[in-house]
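Descriptive structure summary
Take a look at the letters that make up each chain.
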Amino acid sequence: MVKTTPQRLKEMKQRSEKIAVLTAYDFPTARLVDEAGIPVILVGDSLGMVVLGYENTLPVTMEEMLHHVRAVARVKPKALVIGDMPYRTYETPEQAVANAQRFVEAGADAVKLEGGEDVLPQVRAVIAAGIPVLGHVGLLPQSVQKLGGYKVQGKTTESAEQLLRDVTLLEQAGVFAVVVECVVASVTKKLTEAIAIPTIGIGAGPHCDGQVLVIHDMLGLSPRLPKHTKVYANITTAMREACAAYKQDVEQGRFPESRQSF
Ligand code: KIV
């Protein structure tokens, strides 16, 4: 398999091939995701919640993101590695370019920024600096306080029209794809039909060119699961059982055996 490029993702849309995207934040997980043939790994700032134990994504820092991007990049995956720019790290075009360059130095192939019309100068500047950008519209977790919670977007005509404007402007600015998060399915359908670049949905229904899931959610590792997640394996139970069995073995002298001893 060859390395995924932003161009290849656009061609997948042209061929009506669906795009599966997963998050990964560390070396072993990224290796397994890559070996499964997933073409895009997002090192999302969701790591703040699922790995670092924050309440939301707002406290995540550049240093934390870069630490995890480096771990994923060490896999040298075939998948396109996208680094998620954390809250308040792309307030101006200059700041966006400087921080996007740090992501590339850490091994990311592209970066993701949350927002539409409001972040166009930043998006244009990063693309002009030669760094591919993934857009992100709909429910923007970094704006959770402004949005008044994790609410489905696109429910009013005004909100649906703004989403359409956002994806169209992002496409014109040169993003190679756009994440559509928690948007009414019928509105997402219109967004997908309106642009030539892929829409990657999460909680946005079936009418996207691709889907993205947070890996801890789909492996059953997150205590609170969003409605839009599908759990593909229950790793929590497997880990609990393994830890309990190990504890019992140690306490009852069953581990280590002679084959684990020197
Ligand atoms: O941070 C993240 O993992 C994301 C995805 C949920 C799209 O932004």
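Not measured: the values here are computed from a predicted model. Throughout this document, residue positions are counted from 1 along each chain, in the order its sequence is written. In keeping with the predicted nature of the model, local features appear solely for residues at pLDDT of at least 70, side-chain atom pairs appear and are counted solely at 80 or more, and the whole-chain, interface and lining totals rest on all residues. Heavy atoms throughout the structure, all of them, feed into the side-chain values; hydrogens and water do not.

Below, the discussion takes up the site of the ligand. Close to the ligand lie Thr-23, Leu-42, Gly-44, Asp-45, Ser-46, Asp-84, Lys-112, His-136, Val-179, Ile-202 and Val-214. Between N or O atoms, a polar contact is any pair within 3.5 Å; within protein, one atom must be a potential hydrogen donor and the other a potential acceptor, and residues adjacent in sequence are included only when both atoms are from side chains. In this structure, Ser-46 approaches the ligand through a side-chain N or O atom, which is 2.5 Å from an oxygen atom. Separating an oxygen atom of the ligand from a side-chain N or O atom of Asp-84 is a distance of 3.1 Å. The protein chains hide 95% of the 260 Å² of surface that the ligand would expose on its own. Classification used: nonpolar for Ala, Val, Leu, Ile, Met, Phe, Trp, Tyr, Cys and Pro, charged for Asp, Glu, Lys and Arg, polar for all others including Gly. Split into classes, the residues belonging to the shell around the ligand amount to four nonpolar, four polar and three charged. Throughout, the term near means that a residue has one or more heavy atoms lying within 4 Å of the molecule or strand in question. Shrake-Rupley sampling with a 1.4 Å probe provides the accessible areas, and residues are treated as covered by the protein chains on show and by no other component.

Summarising burial for strand E6 (residues 177-181): five of the five residues are buried, a large majority. Because side chains alternate across E6, one face comprises the buried residues Ala-177, Val-179 and Glu-181, and the other comprises Val-178 and Val-180, equally buried. Here a strand pair is declared whenever DSSP counts at least two bridges between the two strands. Counting from the N terminus, the helices are DSSP H or I runs at least four residues long and the strands are E runs at least two residues long. Alignment of strand E5 (residues 133-138) against E6, held across five bridges, turns out to be parallel. Within E6, the residue paired with Leu-134 across the bridge is Ala-177. Only protein chains enter the calculation, and the probe is 1.4 Å; a residue is then buried if its accessible area is under 20% of its type maximum, exposed if over 50%, and partly exposed in between.

Delimitation of the domains relies on an automatic or database domain assignment. Under the domain assignment, the chain is made up of domain 1 (6-231) and domain 2 (235-262). Taking only C-alpha atoms, the centre of domain 1 and the centre of domain 2 are 39 Å apart.

Right, let's talk about the pattern of salt bridges for a bit. Here, a salt bridge means any side-chain nitrogen of Lys or Arg that lies within 4 Å of a carboxyl oxygen of Asp or Glu. Scanning the model with the defined rule gives 11 salt bridges in all. We note a salt bridge from Lys-13 to Asp-209, for which the minimum N-O separation is 2.8 Å. With Lys-13 in helix H1 (residues 6-14) and Asp-209 in the loop between strand E7 (199-202) and strand E8 (210-213), this pair connects stretches of sequence that are 196 residues apart. Put simply, Arg-102 and Glu-63 hold a salt bridge, and the shortest N to O gap is 3.0 Å. Within this pair, whereas Arg-102 is found in helix H5 (residues 93-106), its partner Glu-63 is found in helix H4 (residues 62-73), the two being separated by 39 residues in sequence. Given the relative accessible area of 47%, Glu-63 is considered partly exposed.

Axis definition: a line fitted to C-alpha atoms, over the contacting stretch in the case of helices. Angles run 0 to 180 degrees between N-to-C directions. Relative to each other, helix H6 (residues 120-128) and helix H8 (residues 157-173) sit at 25°, their axes nearing to 9 Å. Taken together, H6 and H8 sit at an angle that is classed as roughly parallel. For the pair H6 and H8, the sense of crossing is right-handed. Side by side, H6 and H8 meet where Leu-120, Val-123, Arg-124 and Ile-127 of the first sit next to Leu-169, Leu-170 and Ala-173 of the second. What sets the label is the angle itself: under 35 degrees gives roughly parallel, over 145 gives roughly antiparallel, 65 to 115 gives roughly perpendicular, and the rest give oblique. For any pair of crossing helices, the crossing counts as left-handed if the nearer helix is rotated counterclockwise from the farther one by less than a right angle, and right-handed if it is rotated clockwise. What makes two residues a contact is simply this: any of their non-hydrogen atoms within 4.5 Å.

Our focus in this paragraph is the side chain of Thr-89. Looking at the element boundaries, Thr-89 is found in the loop between strand E3 (80-84) and H5. Here Pro-86 takes part through its backbone oxygen, which lies 2.6 Å from a polar atom of the side chain of Thr-89.

If you trace the eight strands once around the closed barrel, you get E1-E2-E3-E4-E5-E6-E7-E8, paired in parallel fashion. Looking at each pair of strands side by side, their axes are set apart by 25° on average, direction ignored.

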